[in-house]
Amino acid sequence: MAVALATLAVGGVLTWTLLPDSGRGSGSAHGGSSSNDTATTTVVIGVDAPLTGGLASFGTGIKNSADLAVRTANRRTYVPGVTFELKALDDQAQPQTGRQNADALVADDRVLGVVGPLNSSVAQSMLPSFASAGLVDVSPANTNPVLTLGSDWQKGVKSRPYPVYYRTTTTDALQGPFAARYLVKVAKKTKFFVIDDRKTYGAGLADGFTAEVAALGGTVVGSEHVEPGSNDHTALAAKVRASGAEAVYYGGEYPDAAPLSRQLKEGGATVPLMGGDGIFDTEYTRLNGRAEGDLATSVGAPTEALGGGTAFLDDYRAAGYPEDAGQYGAYAYDAAWAVIEAVKSAVAANGGTLPSDARAKVAEAMAGVSFDGRTGAVSFDDYGDTTNRQLTVHTVQGGAWHSVRTDTY
């Protein structure tokens, strides 16, 4: 049985190292199994995610799913002569910690690719280090368009800032407008109050939503910012109620969105709150007893609706992870498998052995990676964005999230 040993490193960074798998787990969408006893070279895949703190339910699902990909590759001897290990670091959803983790991963020569992070703001702090070192990074969750298209993308000027960066989910260039189209065209709402947490992810979502509302003829009757961790939204609830808004759009994550939604409704603003994938989690409904009718978008389709989603969930459960895979699980598996495919290509091109400039060769190979993954066909465009662009609307019914519709772009 595979054993993940946890050690607490300097600065409180939790590091997980995967010991060889003796077969736990029930295969994968890639099929087959075999021993990896003859492997002679260790390749480490790093994971950076919030493993503690308010967003840990997202982060642990990412870590476990990447771990499952590593186990599968080792069991199959998918890259002959190579044993994969996982090195997972806890960024606590903090950019400064993420920067330190990036430096630590770069310093480990065995690390040839990284999965993560969850937060776009954390990615912004990590990517300069990865780019400087030529270390590939594939996120299963970042959605800010700036990370792949550059800061002037909204002006129609696209410029890829980090050639080593890829992602398996689509971006807020689609997600914010998708929410606006649903509320205006399907829910028939016309007046909105927009709130965000000032962070990279939340502000980006709010901007995209606001622009699309205007394009559709709707009206933003008010806007406000909230500080992450703030607990008293009494005055804001009164402002929303007085505005006549028919819905609230929130750019941010569930630890702040849940109490905000609850207090808005308690304050008389009994309208639905809608947010992005950052609120689409079971923790949102657990923390918010007034969530009924609230809405969220997610980047991608529900796991069960993905081509390899059922097989992924079966394997995940069979592997015995105590935490749920979460909405990013299948995307994290495919992010890790993309790194594995790039390593395989680099090894094959070098006559069956790992090249001396392995990071550079893996980075070169990543651009051409293409495979049938757990989330569907996995490949990347010239900017590092996924070519598989799906978005889903969910609503809270009976205290739980239920999918409403999925669109492909």
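Below you will find a few notes about this structure. (Residues numbered from 1 in each chain as written. Predicted model: local features only at pLDDT ≥ 70, side-chain atom pairs only at ≥ 80, totals over all residues. Heavy atoms only, no water.)

1. Here's the deal with the overall build of the protein chain
The cut-off we apply is this: Helix and strand assignments follow DSSP, with helices taken as H or I runs no shorter than four residues and strands as E runs no shorter than two, numbered in order from the N terminus. The globule rule used for comparison is 2.2 Å times the number of residues to the exponent 0.38, while the radius of gyration itself is calculated over C-alpha atoms. Each residue is assigned to one of three classes by its accessible area relative to the maximum for its type, calculated with a 1.4 Å probe on protein chains only: buried under 20%, partly exposed between the two thresholds, exposed over 50%. The criterion used for residue contact is that any of the two residues' heavy atoms lie within 4.5 Å. The method behind every accessible area is Shrake-Rupley, applied with a 1.4 Å probe, and residues are considered shielded solely by the protein chains displayed. A positive count includes Lys and Arg, and a negative count includes Asp and Glu. His and the chain ends are not counted in either. To locate a charge, take NZ of a lysine, CZ of an arginine, CG of an aspartate or CD of a glutamate.
Along the protein chain, the regular secondary structure elements total 12 helices and 16 strands. Here the C-alpha radius of gyration of the protein chain, 21 Å, is about what a compact globule of 409 residues would show, namely 22 Å. If one aligns the C-alpha atoms of the protein chain with their principal axes, the spans along those axes are about 70 × 45 × 40 Å. Here the protein chain holds 409 residues, and the buried ones make up 57% of them. Relative to all contacts within the protein chain whose residues are 6 or more apart in sequence, the contacts with residues 24 or more apart total 72%. Carbon together with sulfur atoms contributes 50% to the accessible area of the protein chain, which is approximately 15,200 Å² in total. Mean positive and mean negative side-chain charge positions of the protein chain (32 and 43 charges, respectively) differ by 4 Å.

2. Considerations on the nonpolar core
Most often, soluble globular proteins keep nonpolar side chains buried together rather than apart. Let me state the cut-off plainly: To form a nonpolar core, buried Ala, Val, Leu, Ile, Met, Phe, Trp, Tyr and Cys residues must be joined to one another through side-chain atoms within 4.5 Å.
One finds Phe84, Phe209, Tyr284, Ile340, Val343 and Met366 to be the most contacted residues of the largest nonpolar core, which totals 102 residues. For this core, the leading source of residues is helix α11 (residues 329-349), giving 14 residues. In contact with Tyr284, not counting residues within four places along its chain, are Tyr254, Ala257, Ala258, Ser261, Leu273, Ile279, Ala291, Asp294 and Trp401. Grouped together as the second largest cluster of nonpolar side chains are 17 residues, Leu89, Val122, Phe130 and Leu147 included.

3. Points about the pairing of strand β3 (residues 41-49)
For clarity, the threshold we go by: For the handedness criterion, the strands are oriented away from the viewer, and a crossover whose path from the first strand over the helix to the second runs clockwise is classed as right-handed. A pair of strands is considered paired only if DSSP assigns at least 2 bridges between the two.
By the criterion of burial, β3 is predominantly enclosed, with seven of the nine residues buried. The parallel pair β3 and strand β4 (residues 82-90) is bridged by helix α1 (residues 56-76), and the resulting crossover is right-handed. As judged from the four bridges shared by β3 and strand β5 (residues 111-115), these two strands associate in the parallel manner. Residue Val47 lies in a different strand from β5, and its bridge partner there is Val115.

4. A look at the sheet that holds strand β15 (residues 390-397)
Definition in use: Here an axis means a line fitted to C-alpha atoms, over the contact stretch when the element is a helix, while the angle between two N-to-C directions is reported on a 0 to 180 degree scale.
The seven strands lie next to each other as β9-β8-β10-β11-β12-β15-β16, forming an open sheet whose pairing is mixed. The open sheet is flanked by β9 (219-225) and β16 (400-408), the only strands paired with a single partner. Ignoring strand direction, the axes of neighbouring strands in this sheet form an average angle of 25°. Inspection of the sheet shows strand β8 (residues 191-196) paired to strand β10 (residues 247-251) by five bridges, in the parallel sense. Opposite Phe192, over in β10, you have Ala247 as the bridge partner. Relative to strand β12 (residues 295-299), helix α5 (residues 172-186) is tilted by about 140°, and along the sheet it contacts β8, β10, β11 (273-275), β12, β15 and β16. Its contacts with the sheet put helix α6 (residues 200-215) on β8, β9 and β10, and the angle it makes with β8 is roughly 165°.

5. Points about the environment of Pro117
Looking at the element boundaries, Pro117 is found in the loop between β5 and α3 (120-133). Here the alpha-carbon distance between Pro117 and Asp90, two residues 27 residues apart in the chain, equals 9.6 Å. Those residues in contact with Pro117, other than ones at most four positions away along the chain, are Asp48, Asp91, Val122, Ala123, Met126, Asp137, Ser139, Pro140, Ala141 and Asn142.

6. As for the environment of Val240
Residue position: Val240 is located in helix α7 (residues 234-243). In the structure, Val240 is positioned 29 residues away from Ala269 in sequence and 6.3 Å away in space, judged by C-alpha atoms. Leaving out residues up to four positions away in the same chain, Val240 has contacts with Phe193, Ala245, Val248, Leu264 and Ala269.

7. What to know about the packing of aromatic side chains
Heads up, the condition is: For this analysis, a ring pair means two rings from Phe, Tyr or Trp (six-membered ring only for Trp) whose centres lie within 6.5 Å, classed as stacked if their planes differ by under 30 degrees, edge-to-face if by over 60, and tilted for the remaining angles. Definition used: whenever NZ (Lys) or CZ (Arg) falls within 6 Å of the ring centre and also within 35 degrees of the ring normal, the charge is taken to sit over that ring.
Evaluated as defined, the whole model comprises 13 aromatic pairs. Consider the rings of Phe312 and Tyr316, whose centres lie 5.8 Å apart with planes at 45°: the pair is tilted. Of this pair, Phe312 and Tyr316 are both found in helix α10 (residues 309-318), four residues apart, which corresponds to roughly one turn of the helix. Of the two residues, Phe312 and Tyr316, neither departs from the other in class, the shared state being buried. Clustering of aromatic rings is evident, with ring pairs tying together Tyr78, Phe312, Tyr316, Tyr321, Tyr333 and Trp337. For the cation-ring pair, Arg160 lies above Tyr166, with the distance from its terminal atom to the ring centre recorded as 4.7 Å. Residue placement shows Lys344 over the ring face of Tyr78; its charged tip is 4.0 Å from the ring centre.

8. Structural notes on helix α2 (residues 95-107)
Working note: α-helix, 3.6 residues per turn, so residues spaced by three or four point in the same direction. Note the cut-off: In a helix, the anticipated span is given by 1.5 Å times the number of residues less one.
Here α2 contains 13 residues, and its C-alpha end-to-end distance of 18 Å stays within 8% of the 18 Å for a straight helix at 1.5 Å per residue. Where α2 is concerned, the buried positions are Thr97, Gly98, Asn101, Ala102, Leu105 and Val106.

9. Considering the pattern of salt bridges
What counts is decided by this rule: The term salt bridge refers to a pairing of a side-chain nitrogen on Lys or Arg with a carboxyl oxygen on Asp or Glu at a separation within 4 Å.
Across all of its chains, the model carries 19 salt bridges by this definition. Two residues, Asp108 and Arg110, come together in a salt bridge whose shortest N-O distance is 3.3 Å. For Asp108, a relative accessible area of 12% corresponds to the buried category. Residue Arg110 is classed as partly exposed on the basis of its relative accessible area of 40%. Sharing partners across several salt bridges, the network here consists of Glu85, Lys87, Asp108 and Arg110.

10. Structural notes on the packing of α11 against helix α12 (residues 358-366)
Rules: For classification, angles of less than 35 degrees are called roughly parallel, those exceeding 145 degrees roughly antiparallel, those between 65 and 115 degrees roughly perpendicular, and all remaining angles oblique. Crossings are classed by handedness, with left-handed meaning an anticlockwise turn of the near helix from the far one by less than a right angle and right-handed meaning a clockwise turn. Each residue gets one label: Ala, Val, Leu, Ile, Met, Phe, Trp, Tyr, Cys and Pro are nonpolar, Asp, Glu, Lys and Arg are charged, and the others, such as Gly, are polar.
With their axes 8 Å apart at the nearest point, α11 and α12 run at an angle of 115° to one another. On the basis of the axis angle, α11 is roughly perpendicular to α12. The handedness of the crossing between α11 and α12 comes out as right-handed. From α11, Ala338, Val339, Ala342, Val343, Ser345 and Ala346 reach across to α12, where they touch Lys361, Val362, Ala365 and Met366. Tallied by class, the residues present in the contact of α11 with α12 amount to eight nonpolar, one polar and one charged.

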